[in-house]
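Report on the structure
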Amino acid sequence: MGSDSDSHSDASSVVAIDEANVEDAAEEININIFEELRLPKDTVSSMLQAWQRFLSCFDTREACGSALYGVVFESVPSLQTLFKTPKVIQALRMIDELDNLVKHLQKPKELKQYAESIAFRHLNFEVTVPRAMIFRDALVDCLKAELCDDLSEEARMGFMALFGWVGGAHIYTKTTYGDRLKILRESWTKVSSREKNEEVARIIAEDVAQTANKEEEEKGEKSANDDASEGSVSEDFSDHVVATKQEESQGCCAFLRRRGLGSSAAPSAGGKDGSSRKNVADGAERTAGNASNAMVVPMTFSDMFRFNAQVMGFGVGGWMDQILHSLGDIVMNAADATRLHEECDLLSLRIDKVSTGQVPNLSQFKSCMLASLRSLLPKEWDTNYEVAWNWLWDNVAQLLVKTLGSSMQWEAAVNTFFASLADDTRYELRASIYDRFFASTPAGQEYFKQSDTRLHFIVEKVFTFSMEIYADPWQLIDDLSALGLRHVGYGVPTDMFAPFVNACVDVIKGATEDGIAVIGFRTSLGIVAKQLVRTVAEGSTIVMKAVNANSRKMLQRAISCAPRGQRFQWLLKVQVGTQSISPLYWAIESGNVAAADEIIKDLLAFRADRERYYYGNDALFERHQDIINRLCREAPMLMPTLLDGLIWRSARTERGRRRVNYYVKHLVVNQEGDAAEFLREICTIKDPKIMVHPVVVTVSDTLWNGLVRNHFLLSRLWFLASLLIFMLSEAILPKEPDISSIWEVRLVVFFGRTFMYGVTMTRLLIRFAWKSCKDIRRRKTFKFMGIPLPKHLHNAMAVGNLALAVLLMLMCTYEPMYQCLVSVPKDWPTMDCEDAEDIRWTYSALGLLAMAVHWSLMVDLAVFSTGLSAFVLVCAQVLSEIGRFLVALIFLLLTFGSAISVLEHPYFEMRDIPNSVLCLFSITILLYEDDYRTLMEEPALLTAVLLFVLASSILLMNLLIAQLNSSYVYIYQDMVGFARLNRAQKIVEALANVNKQHWSTFVSSLCFDQPLEFNQGDVGVAGGIQITEPASEHLVLKDSILRFGGSCSMELEWPEEAKKSEDLDKLTKIEKLAKKVLRRVAQEARNGRTSKGSNQGHGPGTSSVSSGQNESRAGMSLADD
Ligand code: HEM
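Numbering of residues starts from 1 in each chain and follows the order in which that chain's sequence is written. Per-residue local features of the predicted model are confined to residues with pLDDT of at least 70, and side-chain atom pairs are confined, for both listing and counting, to 80 or more; whole-chain, interface and lining totals are unaffected and use all residues. The side-chain numbers reported here are obtained from all heavy atoms of the structure, hydrogens and water having been left aside.

A word on the packing of aromatic side chains
- Pairing of aromatic side chains here covers Phe, Tyr and the six-membered ring of Trp, requires ring centres within 6.5 Å, and sorts the geometry by plane angle: under 30 degrees stacked, over 60 edge-to-face, intermediate tilted. In the structure shown here, the tally under the stated rule is 41 aromatic pairs.
- Ring centres of Phe437 and Phe438 lie 5.8 Å apart, and the angle between their planes is 45 degrees; this geometry places the pair in the tilted category. In this structure, Phe437 and Phe438 share a single accessibility class: buried.
- By way of ring pairs, the aromatic residues Trp188, Phe301, Phe305, Phe365, Trp389 and Trp393 are connected into one cluster.
- By the criterion adopted, a ring carries a charge over it if an Arg CZ or a Lys NZ lies within 6 Å of its centre and within 35 degrees of its normal. Arg630 extends its terminal NZ or CZ atom over the ring of Tyr585, reaching a point 4.3 Å from the ring centre. Residue exposure (1.4 Å probe, protein chains only): buried if accessible area is under 20% of the type maximum, exposed if over 50%, otherwise partly exposed.

A few points about the site of the ligand
- The full set close to the ligand counts 19 residues, and Tyr447, Arg454, Arg486, His487 and Tyr490 are the nearest of them.
- Note that an oxygen atom of the ligand is positioned 2.3 Å from one of the side-chain N or O atoms of Tyr490.
- In this text, helices come from DSSP runs of H or I with a minimum length of four residues, and strands from runs of E with a minimum of two, each type numbered from the N-terminal end. At the level of elements, helix H20 (452-471), helix H21 (473-490), helix H22 (497-511) and helix H23 (515-539) are the ones that each hand at least two residues to the shell around the ligand.
- Considering every element that reaches the shell around the ligand, the biggest residue donor is H20, with five residues.
- Of the residues that constitute the shell around the ligand, the class distribution is 14 nonpolar, two polar and three charged. We define proximity as follows: a residue is near a molecule or strand when any one of its heavy atoms falls within 4 Å of that partner. We define a polar contact as two N or O atoms separated by no more than 3.5 Å, with the added condition that, inside protein, one atom must be a possible hydrogen donor and the other a possible acceptor, whereas residues neighbouring each other in sequence contribute only through side-chain atom pairs. Lys, Arg, Asp and Glu make up the charged group, whereas Ala, Val, Leu, Ile, Met, Phe, Trp, Tyr, Cys and Pro make up the nonpolar group; the residues left over, Gly among them, are polar.

With respect to the sheet that holds strand S11 (residues 1025-1030)
- Strand pairing is assigned whenever DSSP identifies at least 2 bridges connecting the two strands. Spatial strand order, S7-S8-S11: three strands in an open sheet with antiparallel pairing. The sheet is open, and its two edges are formed by strand S7 (647-654) and S11, each paired on a single side. Across the sheet, the mean angle separating the axes of adjacent strands is 25 degrees when strand polarity is ignored.
- Of the strand pairs in this sheet, S7 and strand S8 (residues 657-662) are connected by five bridges, and their pairing is antiparallel. Within the sheet, the bridge partner assigned to Trp648 lies in S8 and is Asn661. Geometry is summarised by axes, namely lines fitted to C-alpha atoms with helices restricted to the contacting stretch, and by angles between N-to-C directions that run from 0 to 180 degrees.

Re the UniProt feature "transmembrane region" (unreviewed entry) in the protein chain
- UniProt positions are given in the numbering used here, feature names are shortened, and annotations may be inferred rather than shown by experiment. The feature "transmembrane region" (unreviewed entry), as annotated in UniProt, sits at residues 713-733, 745-770, 793-811, 852-875, 882-901 and 940-961 in this numbering.
- Along residues 745-770 one finds 100% helix and 0% strand; the C-alpha atoms at either end are 36 Å apart.
- In residues 852-875, helix accounts for 67% and strand for 0%; the two terminal C-alpha atoms are 17 Å from one another.

Side note on the sheet that holds strand S6 (residues 613-614)
- The strand order across the open sheet formed by three strands is S6-S5-S12, and the pairing between neighbours is mixed. Strands with a single pairing partner mark the edges of an open sheet, and in this sheet they are S6 and strand S12 (1042-1043).
- Note: strand S5 (residues 607-608) against S12, two bridges, orientation parallel. In the sheet register, Ala608 faces S12, and the bridge partner there is Arg1043.

A look at helix H19 (residues 423-440)
- The end-to-end C-alpha distance of H19, which contains 18 residues, comes to 26 Å, matching closely the 26 Å that a straight helix rising 1.5 Å per residue would cover.
- Regarding H19, the residues found buried are Arg426, Leu429, Arg430, Ile433, Tyr434, Phe437 and Phe438. One side of H19 holds all its buried residues, which, seen down the axis, span an arc of 165 degrees. Structural note: H19 exposes Asp424, Glu428, Asp435 and Ala439 on the side pointing more than 90 degrees away from its buried face.
- Buried positions along H19 lie against helix H18 (407-420), H20 and H22. An expected span of 1.5 Å times one less than the residue number is assigned to each helix. Taken from the helix axis, the directions to the C-beta atoms give the arc we talk about. The criterion used for residue contact is that any of the two residues' heavy atoms lie within 4.5 Å.

Digging into the state of the cysteines
- Two cysteine sulfurs form what is called a disulfide whenever their separation falls within 2.5 Å. Taken as a whole, this structure holds one disulfide when the rule is applied.
- Paired through a disulfide, Cys820 and Cys833 show a sulfur-sulfur distance of 2.0 Å. Across the disulfide from Cys820 to Cys833, rotation about the S-S bond amounts to roughly -85 degrees, and the bridge is consequently left-handed. With Cys820 in helix H38 (residues 816-823) and Cys833 in the loop between H38 and helix H39 (834-837), the pair connects residues that are 13 residues apart, well separated along the chain. A single burial state applies to Cys820 and to Cys833, both of which are buried.
- Of all cysteine sulfurs in the structure, the one in Cys64 sits closest to Cys57, which takes part in no disulfide; the separation is 8.1 Å.

Here's the deal with the environment of Val664
- Residue position: Val664 is located in the loop between S8 and helix H32 (665-668).
- Along the backbone, Val664 and Ile647 are 17 residues apart, and their C-alpha atoms lie at a distance of 8.7 Å.
- Each residue touching Val664, except ones within four places of it in the same chain, is listed here: Val695, Val699, Phe1008, Gly1023, Gly1024 and Ile1025.

Digging into helix H16 (residues 362-376)
- Taking 1.5 Å of rise per residue, the 15 residues of H16 would be expected to cover 21 Å, and the 21 Å separating its terminal C-alpha atoms lies within 8% of that figure.
- By the criterion of burial, H16 is predominantly enclosed, with 11 of the 15 residues buried.
- Turning to H16, its buried residues number three or more, namely Leu362, Phe365, Cys368, Met369, Leu370, Ala371, Ser372, Leu373, Arg374, Ser375 and Leu376.

Points about the nonpolar core
- The set of buried Ala, Val, Leu, Ile, Met, Phe, Trp, Tyr and Cys residues whose side-chain atoms join them within 4.5 Å is what this entry labels a nonpolar core. Of all hydrophobic cores here, the largest spans 134 residues; its most connected members are Ile469, Leu584, Leu667, Leu679 and Trp999.
- It is H23 that contributes the most residues to this core, nine residues altogether.
- Setting aside its immediate chain neighbours within four residues, Leu679 contacts Val696, Val699, Ser700, Leu703, Ala984, Ile987 and Val988.
- Membership of the second largest hydrophobic core comes to 47 residues, among which are Tyr177, Phe301, Leu340 and Trp381.

Here it is as structure tokens:
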């Protein structure tokens, strides 16, 4: 414990070990005293050298950790049962901790703190002197084996002393503080345990009910009973208040004991409605008046605390609340010196923020805390508890007092300093921070490789944080956790933070003479850095490391040691404090696509033991509801991996058919039960290949056939009816000479046209207005030739609808029947009247356009057939080619038409530009009626015409055919994909209008909650749709479910996976061994060369060198192999 270390380091003497007694220190393990370890300088430097050499023998820290772990694990079988954490993790921790110990050798105070924190983490293990010795010897043997002669005797002794000292620290700490920490942890767990508290609440409720019943029976009168009951409780309560005041140190346990609950009274996190969470001070008044209020007896530690604080007259809220809020973290991290410092530093800032200028009286908190604990743990409480809690609080108070009350002046000084900086000074400061940092820690340059402006932005943020932590210490901590997790993603090692903070502080120190500002800046940045370091340390899981390395192999190895029940969690969530990061999302965000791909594959692999199936589909979509959106936008190349993972195909076939399960629940329905965004998102990629993926086809067909088709058809029926009426009233009835004059027919025409204007046109306009308003309200617009238009007009159908509405509007204004109503009311309805004469042609032209547009809009119906739809799309695609051809043709026509009309010639058909153009055009499309021989007399004209024919018919026409041909071939490949894309877009549009009732019925018809069979009788995972497909459609040689025998415990990793990683480890070991042999051989060869160098020129010497070289060469080739 940090406080502990402070208090105890003062007490303990600092003993330096000189050369003479290094040997003694190496031999014995002192468990009676724990003092700073000061080894002679020479010993330390040879240890550091040896350690660096040892680390350099391995490619990675993981490999180094594995070697150490292996030696310790194998050489001490009796300790094997203690190693429960997966090997990869444990090995990494081991190497990190040993590395830190060695690095701290030159700083004995920090070394002691560090050793102490390790010792506190070993409180639960039975560390004994013989075990510590075995451990020490195994580690040193490993160093010796790896370094051979490179490990000097001095360094070996030093390592023996260091590891023995750490072992002694473990035992000393356990005997001295182990019991106290255990008491603290256990008692805190009890007073904050919800289950226990609910049990107490139940007992109290029963007790109150029994008392009330008893009193009822005694008094026999209901109303009187109520009063009596209230009186009794009230009496009890006032008794209690008096008693509490009298026995301050006893808190309210007297009250609970009097109620017969003393032994079981413990706090509660509150009832389900949270009523008991309320401040008990308020409850006290209510309790006095009502029997049922006995339920508000303080049951949580905080309630009890507040209650006692009220009763003791200390008041509640303010600074006390802040400590109360942090107490849980303080108690649970009492063994971690660094963490305790961190908590106390932060707490003191928060206390300063709420206590307006007054330094709080911490002893009040202590007496109230002890009273509350005694009340909640009346049975367990004894002197050991008293000692443990007093010890904790004294240490905490010591840490708090150091900084309490100072933060206000620090805040003011830091703010004033930064506000006084001119822009260019600020710039210089930022630049020199990097200069200093890179000078002290050159490795830091590897992380800060961004542009200059970005680097300045980061340091500016650092300045801001140093101020914000004072302004809002609550919010910033959350932000820092998130930032820390981002640093995990950037792969920043924790030992970079201290030099970075030092660089910052040094630069600020040089820029101001205000000492308070410097202290303020150092303190706040220190807190920020500690928080970041902790988050990085906790968040740097092996999975995150593998993600940062973007290595499939590392990822497989990392995840292979996850307990099977937590495997998905390892891949999807790294939680630190209130913040979490997803390795999968980080892999996507940082562009580590290989890692992301591997994660998705692993999540969507089917694994099974005898008891259950493991499939990460649900875990993935529950954690990342927007996964489809993310993939579509940031990593569409991962989409096929995800979709492939949602299919299971049976290896068995029955009567030529194979079962296929599509796990598409989360692609159809989201967590809220509404339609999922899958199709909408997938349409945004506009990739025809992905549209024909079986999963997309299944989702799309399920929605189309089950829900959208009928809805779509219904919505198109009115359009069909409208076209029919339009045809009758414009193109059929008025054009039939035999019947067009009949009055009834004219009446039908009139009603038909009125229907078109009244219903079709109005409907189209209303829809257009509604959609436009919606888009404008949501600011969804796009610019067309600089004019902002609502987004729905991006769609060709919407433009077609608008065009039809506008044409109908114009037709309505020109409608001859309406014009004739005024002039010939007798014959009416008719179109033949004088008033209508002038407008009839315009009207008919508008009718022509409207009819064409109306028919074109019917193309939409092609969506019913994928083939037809594909054909329509192909036509639309090749239109662009035709457009280009037409432009070229018009150009040629104008060129030749103009040229020919300039020429003096007698040929009447080509007398001027329009006639020439018309004539040339008919030649191009082979509709020219005349003969070329008529032009024989005019060679110039004939030449021009023939040149035109050459350019248009031979060149342009053939070019067009060739282009159509090739683009058809190209488009044809994806034609079905495009058709499906089109249908998917229709489905998305239709889903927005489906009512909730229809949707729920449809979803329940899919039975997503029913597990699907894999094979007969083998009931598997729910959330999918099962179909059968022809066996020949896909080749499935092996069942894709990975089945494992052995134990079915969810705590265990998958055996095969573990074996696979063991195999990998073995391979790595062999590789290492081979490298080592090669190194030795090469070294021996070198030695041989040197020793025989003097004999150079002599036969044997020469042969020896060349044999050494040969060996070395052989070694190289082996290594390459
Ligand atoms: C008190 C210490 C530090 C603070 C307050 C801090 C703060 C920040 C902030 C605010 C960002 C931008 C966050 C983002 O946009 O994701 C950032 C990014 C970064 N930091 Fe730190 N940082 C600290 C220490 C370090 C150290 C010691 C290193 C490594 C030597 C480091 C490496 C990085 C890197 C690599 C980035 C990403 C830059 C990018 O990709 O644009 N940071 N840091």
